Amino acid sequence: MDIIYNEGAKQFHLCNEKISYILGIMPNGEPGQLYFGKRVADKDYSYLINKDFRAMMVGMPEDESFSLEFNRREYPSFGTSDLRLPAYELIYENGSHVSAFTYLSHEISKGKPKLHELPAVYTEDDDEAMTLSLKLKDELTGMELKLLYTILRDYPVIARSVLFENKGSEQVSLERCMSLSLDLPDHDYVWMQFSGAWAREKTPIEKKLDSGITAIGSLRGHSSANQNPFVIFKRPNTDEFQGEAFATALVYSGNFLTQAEVDTYGTLRVMTGIHPDRFSWELAPDESFQTPEALLVWSGDGLNDLSQSLHRLYRKRLCRGAWKEKERPILLNNWEATLMDFTEESVLKIAKKGQEAGVELFVLDDGWFGKRDDDFAGLGDWYVNTDKLPEGITGLAEKIHGMGMKFGLWFEPEMVNPDSDLYRANPDWVLAAPGRERSLGRHQMVLDMTKEEVQEYLYERMHAIISEAKIDYVKWDMNRTISECFSQGRPASEQGKTYHRYILAVYRLYERLIADFPELLFESCASGGSRLDAGMLYYAPQAWGSDDTDAVERLKIQYGTSYGYPISSIGAHVSECPNQQTGRTTSIDTRGNVSFFGTGGYELDLNKLSDGEFEEVKKQIEFLKKHRGLIQSGNFYRLLSPFKDNYCAWMVVSEDKSEAIFAYYRVLAEVNAGRRRVKLMGLDPDAKYTAGEGSFYGSELMNIGLEISAAPGNLEPLTGDFDSRIVVLRKG
Ligand code: DGJ
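If you're wondering where the values come from, they're calculated on a predicted model, not measured in any experiment.

Novice: Account for the packing of aromatic side chains, naming residues and giving values.
Specialist: Going through the model one piece at a time under the given rule, you end up with 43 aromatic pairs. Between Tyr538 and Tyr539, the aromatic rings sit 5.0 Å apart at their centres with planes inclined by 85 degrees, giving edge-to-face as the arrangement. No difference in accessibility class separates Tyr538 from Tyr539, as the two residues are buried. Taken together, Phe194, Phe230, Tyr314, Tyr559, Tyr563, Tyr565, Phe597, Phe636, Phe643, Trp650 and Tyr665 form an aromatic cluster joined through their ring pairs. Against the face of Tyr538 rests Arg320, its NZ or CZ located 3.6 Å from the ring centre. Arg638 extends its terminal NZ or CZ atom over the ring of Tyr563, reaching a point 3.7 Å from the ring centre.

Novice: I'd like a description of helix H6 (residues 452-468), backed by residues and values.
Specialist: Residue pairs spaced three or four apart in an α-helix point in one direction, given the helix's 3.6 residues per turn. Between its terminal C-alpha atoms H6 stretches 24 Å, which fits the 24 Å expected from 17 residues at 1.5 Å a residue. Check the buried side of H6 and you find it contacts helix H4 (392-402), strand S23 (406-411), helix H5 (421-425), strand S26 (473-476) and helix H7 (498-516). Two residues or fewer after H6 comes Lys470, characterised by a positive phi angle close to 50 degrees.

Novice: Account for H4, naming residues and giving values.
Specialist: Every buried residue belonging to H4 is among Gly392, Ile393, Gly395, Leu396, Ala397 and Ile400, and all of these are buried. Of the surrounding elements, those touching the buried residues of H4 are helix H3 (344-357), strand S22 (361-364), S23 and H6. In the stretch just after H4, Gly404 is the one whose phi turns positive, near 90 degrees.

Novice: Any chance you could break down the sheet that holds strand S4 (residues 31-38) for me, citing the residues and the numbers?
Specialist: Judged by pairing direction, the sheet is antiparallel, and its four strands sit side by side in the order S1-S2-S3-S4 without closing on themselves. Two strands close off the open sheet at either side, each with one partner strand: strand S1 (2-6) and S4. Strand after strand, the sheet turns through a mean of 15 degrees between neighbouring axes, direction not considered. With seven bridges connecting them, strand S3 (residues 19-25) and S4 associate as antiparallel partners. Its bridge partner lying in S4, Tyr21 is registered against Phe36.

Novice: Can you tell me about the site of the ligand, naming the residues and giving the values?
Specialist: The full set close to the ligand counts 13 residues, and Asp365, Asp366, Lys475, Asp477 and Asp547 are the nearest of them. In this structure, an oxygen atom belonging to the ligand sits 2.8 Å away from a side-chain N or O atom of Arg442. Within the side chain of Lys475, an N or O atom sits 2.7 Å from an oxygen atom of the ligand. Summarising the interface, the protein chains cover 97% of the accessible area of the ligand, which totals 300 Å² for the free molecule.

Novice: Mind laying out unusual backbone geometry, listing which residues take part and the relevant values?
Specialist: For the bond running from Cys577 to Pro578, omega is -5 degrees, close enough to zero to count as cis. Structurally, Pro578 is set in the loop between strand S30 (574-575) and helix H10 (588-595). Despite not being glycine, Lys657 shows a phi value in the positive range, around 65 degrees. With respect to the helices and strands, Lys657 occurs in the loop between strand S33 (647-653) and strand S34 (659-666).

Rules behind the numbers
- Residues numbered from 1 in each chain as written.
- Predicted model: local features only at pLDDT ≥ 70, side-chain atom pairs only at ≥ 80, totals over all residues.
- Heavy atoms only, no water.
- Phe/Tyr/Trp six-rings, centres within 6.5 Å; stacked < 30°, edge-to-face > 60°.
- Buried < 20%, exposed > 50% of the residue type's maximum accessible area, 1.4 Å probe, protein only.
- Lys NZ or Arg CZ within 6 Å of the ring centre and 35° of its normal.
- Helix = DSSP H or I, 4+ residues; strand = E, 2+ residues; numbered from the N terminus.
- Expected span 1.5 Å × (residues − 1).
- Contact = heavy atoms within 4.5 Å.
- Pairing = 2+ DSSP bridges.
- Axes fitted to C-alpha atoms, helices over the stretch in contact; angles between N-to-C directions.
- Near = heavy atom within 4 Å.
- Polar contact = N/O pair within 3.5 Å; in protein donor to acceptor, adjacent residues only side chain to side chain.
- Areas by Shrake-Rupley, 256 points an atom, 1.4 Å probe, with all protein chains shown as cover.

Note that all results are geometric; they support no functional claim without further evidence.
In structure tokens form, the structure reads like this:
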């Protein structure tokens, strides 16, 4: 890994074993993008800067053949000779939107600086990364920009962010500030976004890029289930197993925009950052603004390889704390078993059965506080409901701990029901536009997290409960999008800051609790996967993948989520059948086989299972305890897509290739169908692997494949609808 500065050519070459990212100062003094992709030799690449005369173009006054219109820029503005959508926009006191930032100085340093109050990839040792900090200045106004680029030694990843510093004497309004902008010489890419809605998160959608703008974003105040701040750009011939692709991932959980613009000359401009709509940040002299971090990840070996790089990076250098790489506890959550209708006795009965099955963590979900018997009331009143739990959370937690299990608790700190003591006492604590109706979502409003008193109330309540009851795990839920995003009591000029300040305040509350309780495991949740993004993983290493717990639906949701997020981060549970969301009945085996490829856990009353099913659950828990290390930290391969096939197949392989687990699922039974083989991935070709009673060479499994329509390794053949099998492969 290195950052090579070529002083003569004024070029910077960031490289590691796999990738190169090259930028250089252009004739107008601003940095231009020269190359991003597979590693190339270091040399002077000035010939990649274009000079041309074209009708209708505008160019630099002193050399009209140099136009920004057809040059590739590192951090483009709008309004001089480039009229594509810009990475940033500043409005000066006289109303001008025109900026011209030029190179001032640079610094190349070891390691990676922290981003103030923002989640970001980190290093544990300065030798793991190098950072280029490129300082640009707008001579007319004194504004400065610091473009930060970190290249990581062990990952094909560039991390970027931008610092705006008002070093001038006038007030400036920042209206747009992307975290990353990347101009590429061609647009022969397929854009792949991950879209959905509540209970159907992260469906991959592909679009061939062509002239014009392709964009996704969120203006919901959270990253959302509707779109995700992770987009893949793959060459048309790239698939899971081969070919070139790169992705952008925004390490942020609020409003976002990811956009690709293909211009008249066929070049591509990609950008991602805070959504510029509803964003406006006044910068007085000496004030600054730091954008969230964005990641660029590259692969020359297909989408599985691209995902694996991100998985590894997130597990090792984005997730933090005691749990970042620890095997996740097998949990039992009472939500689908009881909803809010429970007593200490009924909850203990469920927990007891869990303990018998081998569960390690019992989680009490919504309904334990205030007058919370349904979702119309109580939210915000974080005091235990002693009608349900006469001995309080502390009493219940002691009993669960006494059974030898950890105890987890649900909170939804950011919300309040109008029917709550908290709201009655503090109606100005919610986000609400003056004189307008206050929209409700799930009968609740959004607390104005930016207010110090709100932050302190939530911190005090959560801290007290977590410490008194010695809580081991918190499920941090968030069940509605933000509307009427207005911070009561603040001046008009501050309102454009509210969405961003809101998410910073959420991060701050997390950060304070993490500092106080370093052993606590957080699982983030937003009605399932509505805020499952890289930003959240910095605070909570796992996230509830979806409120849809149907095993067949979960195949798609977990498969889609795996493109951008590691298996260890995807909350997945076995729930009851008929399933509460779809009414479908699947076997306890298949439900288990799907939940294994996530954090693993249960969300039902185990007392209601037949003896046979309960015995299966015990076996599943044994299996998970034995294999979760591999599943949660191995290399994950998508093999057959449930979006395209009646089958779904995936596998994980240990880093040293000595062990692997292959899983396949068939949705609907087939009659008289042809034989199906799946080619496995990532094994040692020369090694022999045992699979049940069978024995196969790695090369055989990867080139001939395993016949899943028959019965590999003497497994029972698939029968009926929704059947599945797990094959454990061991070297030797
Ligand atoms: C939505 C979550 O996704 C569910 O798992 C559950 O915690 C409910 N909220 C509780 O209200």
